[in-house]
Amino acid sequence: MSSSVELSSSDDSSDEEIVLEIIMRLPKPRVVRERYNPLNNFDDHEFKCRFRLSKQTFLILLHMIEDEIMHQTCRNNAISPVNQLLVALRYYATGAFQEVMGDLIHIHKSTVCRIIKRVSVAIAKLRHHFIKMPTSQNEQQAIQLGFYRMRGFPTVIGAIDCSHVRIQSPNSDIGEQFRNRKGYFSINVQAVCTSNLVITNLVARWPGSVHDSTIFDNSMLRAQFENNEFGKCVLLGDGGYPCRSYLLTPLLNPRSESERRYQKAQIGTRNVIERLFGIWKRRFPVLAIGLRTKEDTTMATIVATAVLHNLLIQENDVMPPEDIVDDQELFQEITTLPIARQNEVGNAVRTNLINTVFHI
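Keep in mind it's a predicted model, so treat the numbers as computed, not measured. (Residues numbered from 1 in each chain as written. Predicted model: local features only at pLDDT ≥ 70, side-chain atom pairs only at ≥ 80, totals over all residues. Heavy atoms only, no water.)

### Here we look at the overall build of the protein
For clarity, the cut-off: Helix numbers and strand numbers start at the N terminus; a helix is a DSSP run of H or I with at least 4 residues, a strand a run of E with at least 2. Burial classes follow relative accessibility: with a 1.4 Å probe on protein chains only, a residue under 20% of its type's maximum area counts as buried, one over 50% as exposed, and anything between as partly exposed.
For the protein, the helix and strand inventory stands at 17 helices and five strands. Taking all 360 residues of the protein together, the buried fraction comes to 47%.

### With respect to the packing of aromatic side chains
Note the threshold: In this analysis, rings of Phe, Tyr and Trp, with Trp reduced to its six-membered ring, are considered paired at centre separations within 6.5 Å, and the interplanar angle assigns stacked below 30 degrees, edge-to-face beyond 60, and tilted for intermediate values.
Summed over the entire model, instances satisfying the criterion amount to 12 aromatic pairs. Measuring from centroid to centroid gives 5.4 Å for Phe 153 and Phe 358, while their planes differ by 55°, and the two rings are tilted. Taken as a pair, Phe 153 in the loop between α9 (137-151) and β1 (156-166) and Phe 358 in the segment after α17 (344-356) lie far apart in primary sequence, 205 residues in all. The pair formed by Phe 153 and Phe 358 is uniform in burial state, with each residue classed as buried.

### Some thoughts on helix α12 (residues 257-270)
Worth spelling out the cut-off: To estimate how far a helix should reach, multiply one less than its number of residues by 1.5 Å. Two residues form a contact once any of their heavy atoms are found within 4.5 Å.
The end-to-end C-alpha separation of α12 is 20 Å, in line with the 20 Å expected for 14 residues at 1.5 Å each. Looking at α12, one finds that the buried residues are Ser 258, Tyr 262, Gln 263, Ala 265, Gln 266, Gly 268, Thr 269 and Arg 270. Against α9, β1, β4 (234-236), β5 (247-248), α13 (272-283) and α17 lie the buried residues of α12.

### Structural notes on the pairing of β1
Under the convention used in this document: Strands are treated as partners if at least two bridges between them are detected by DSSP.
Of all the 11 residues making up β1, 10 are buried; the element is thus mostly covered by neighbouring parts of the structure. Here β1 pairs with β4 via three bridges, running parallel. The partner of Ala 159 across the bridge, within β4, is Leu 236.

### Considering helix α4 (residues 55-69)
Put simply, the rule reads: Take the seven residues that end at a residue and the seven that start at it, fit an axis to each, and the angle between those axes is the bend at that residue.
Largest kink in α4: about 40°, centred on His 63. For α4, the set of buried residues is Lys 55, Thr 57, Phe 58, Leu 61, Leu 62, Ile 65 and Ile 69.

### What to know about the packing of helix α3 (residues 44-51) against helix α5 (residues 81-94)
As a reminder, the rule being used: Between N-to-C directions, angles span 0 to 180 degrees; the directions come from axes that are lines fitted to C-alpha atoms, helices contributing only their stretch in contact. Any angle that is under 35 degrees is reported as roughly parallel, and any over 145 degrees as roughly antiparallel; angles of 65 to 115 degrees are reported as roughly perpendicular and all others as oblique.
Where α3 meets α5, the axes come as close as 7 Å, and the angle between the chain directions of the two elements is 65°. Overall, the two elements α3 and α5 adopt an arrangement that is roughly perpendicular. Counted together, Phe 47, Arg 50 and Phe 51 of α3 and Leu 86, Leu 89, Arg 90 and Ala 93 of α5 form the full contact between these two elements.

### What to know about the packing of α5 against helix α15 (residues 295-314)
Defined as follows: Residue polarity is assigned by list, with Asp, Glu, Lys and Arg as charged and Ala, Val, Leu, Ile, Met, Phe, Trp, Tyr, Cys and Pro as nonpolar; anything else, Gly included, falls into the polar class.
α15 packs onto α5 with a crossing angle of 95° between their chain directions and a minimal axis gap of 12 Å. With respect to α15, the element α5 is oriented roughly perpendicular. Across the interface between the two elements, Leu 89, Tyr 91 and Tyr 92 from α5 touch Thr 301, Ala 304, Thr 305 and Leu 308 from α15. Split by residue class, the contact of α5 with α15 holds five nonpolar, two polar and no charged.

### Focus: the sheet that holds strand β2 (residues 186-193)
If you walk across this open sheet you meet the five strands as β3-β2-β1-β4-β5, and the pairing is mixed. Since the sheet does not close on itself, it has two edges, and those belong to β3 (199-207) and β5, each with one partner. Both β4 and β5 contribute to a ladder of two bridges, which runs parallel. Residue Leu 235 lies in a different strand from β5, and its bridge partner there is Leu 247. Of the strands in this sheet, β1, β4 and β5 touch α12, which is tilted by about 85° from β4. Running over the sheet, α13 touches β1, β2 and β3 and is turned about 45° from β1.

### Let's talk about the pairing of β2
On any regular strand, side chains alternate: one points to one face of the sheet, the next to the other face. β2 sits mainly inside the fold: eight of its eight residues count as buried. Of the two faces of β2, the one lined by Ser 186, Asn 188, Gln 190 and Val 192 and the one lined by Ile 187, Val 189, Ala 191 and Cys 193 are each fully buried. Pairing geometry for β1 and β2, over eight bridges, is antiparallel. When the bridges of β2 are listed, Ala 159 appears paired with Cys 193. By the bridge criterion, six bridges tie β2 to β3 in an arrangement that is antiparallel. Directly across from Ala 191, in β3, lies its bridge partner Leu 202. Where β2 folds back on β3, the antiparallel hairpin that results is connected by five residues, among which Leu 197 adopts a positive phi of roughly 70°.

Written out as structure tokens, the structure is:
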């Protein structure tokens, strides 16, 4: 009798262990946590400090891309366009790890990765509305006037330069192509801007090892100037670019007073592009800290922040006072590039300008 009781007890214990083992191997039940909404929890100043734009501009941007990023189903508690945009903007404003970003509104880091790509691509698609060279005569004259008021340099429709955006090494096969002259991996980004810091042209696809002049020589912008699409308008660049009839650069050794006046006006006018890079990276620190995403997402992020920069200028959405960039800080990264091979036609145009406009 006792042996049968023991046997029954042993069987019950064995069954309990089997059930317990099965339960432990089951996947964890999905927990849908309540998502945090910064729009309701911060005032406008706090919101701008954390997301780099005002609530009003946020709503304007959301309206532009909402259809592009909205999920077509409500299944699985799909993340709303508002929260997707907030995650991407917070990433641009901090450059934080994706797991940390997920803690903002209680989502997994893999979801953050997909959101950053999705939103960045959607914003980057707006580039043709916000990043464009002046085509009409009235647009060109307005930009020329803005530059002329700075240092008296005529017919300028843009200052051009490149800036390195730090990235992680893509992979062992092509990684070294992205190592720049400063020793870190980067994308060499070419930009053209106006006197009021509006980006009018952007190229964000070249590895950090590629020289600035190579990027320009292979750009659509050069073809447009070669085809005389901008008339007698010119760009201003540093000594890393060859002097051309439409791209004027500084003199190597100015000797006469006219040459020194040209040099001062050229450098003083061109430095607006350095100021642009400083403000752009200060407003979106992910560009300065570095991007740790895949190459296509990285390029989309760079273009997206450029679109946002122009949108903020258009909406007169200024940075908080504590984020205003000091002029000394802007020029810390400026390095002297080797003087590019000169062009005879470009030299002739530059000499004529010195002897007419800047002659005493």
